[in-house]
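Each chain, letter by letter, is given below.
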Amino acid sequence: MPFSAVRTYDTKIDMKKRITLRNSKYEYYHVQEFEDGRIMLEPRELVVPFEISQATLSMMDSAMANLKNGKVSEPVDLSEFEV
């Protein structure tokens, strides 16, 4: 079953080659332009790359403190994964 449009309208390219999306739900879009002139927009939620959460940093600090204090588990045998 094909999707039906929720909203349709016409827009035009302004002097700076931009178009306006009315009442857009998202701030960022991924754009694909096709040879036949079609343009597909897919919403994107951008996040800061390589950001480590405060909870993760806290767990890493705790793990390092445990290591320094000798509170560690037995070594894990990974020999079955060797090539």
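Residues numbered from 1 in each chain as written. Predicted model: local features only at pLDDT ≥ 70, side-chain atom pairs only at ≥ 80, totals over all residues. Heavy atoms only, no water.

Thoughts on unusual backbone geometry
For Lys17, which is not glycine, the phi torsion reads 65° and is therefore positive. Relative to the helices and strands, Lys17 resides in the segment before β1 (28–33). The class of Lys17 is exposed, set by a relative accessible area of 71%. Even without glycine at this site, Asn23 takes up a positive phi of about 50°. By the element assignment, Asn23 lies in the segment before β1. According to the relative accessible area criterion, Asn23 is exposed, its value standing at 66%. (Helix = DSSP H or I, 4+ residues; strand = E, 2+ residues; numbered from the N terminus. Buried < 20%, exposed > 50% of the residue type's maximum accessible area, 1.4 Å probe, protein only.)

Concerning the packing of aromatic side chains
Here the structure, examined in full by the defined rule, presents one aromatic pair. For the ring pair Tyr26 and Tyr29, a centre distance of 6.3 Å and an interplane angle of 85° mean the geometry is edge-to-face. Given the relative accessible area of 29%, Tyr29 is considered partly exposed. Above the plane of the ring of Phe34 lies Arg38, whose end atom (NZ or CZ) is 4.3 Å from the centre. (Phe/Tyr/Trp six-rings, centres within 6.5 Å; stacked < 30°, edge-to-face > 60°. Lys NZ or Arg CZ within 6 Å of the ring centre and 35° of its normal.)

Here we look at a nonpolar patch on the surface
On the surface, a cluster of nonpolar side chains totalling about 500 Å² of accessible area is made up of Ile13, Ile19, Leu21, Val31, Ile39 and Leu41. For Ile19, the location among the structural elements is in the segment before β1. Judged by relative accessible area, Ile19 falls into the partly exposed class, the value being 44%. (Patch = residues over 30% accessible without salt bridge, like charges linked within 9 Å, V, L, I, M, F, W, Y side chains within 5 Å. Areas by Shrake-Rupley, 256 points an atom, 1.4 Å probe, with all protein chains shown as cover. Salt bridge = Lys/Arg side-chain N within 4 Å of Asp/Glu carboxyl O.)

Section: the pairing of β1
With six bridges connecting them, β1 and strand β2 (residues 39–44) associate as antiparallel partners. Each residue of the ladder has a partner; that of Glu33, found in β2, is Ile39. (Pairing = 2+ DSSP bridges.)

Describing the pattern of salt bridges
Applying the stated criterion to the full structure yields three salt bridges. Among the salt bridges present, the one from Arg18 reaches Asp14, with a minimum N-O distance of 3.0 Å. Asp14 gets classed as partly exposed once you look at its relative accessible area, which sits at 30%. Asp36 is the partner of Arg38 in a salt bridge, and the nearest nitrogen-oxygen pair spans 2.9 Å.

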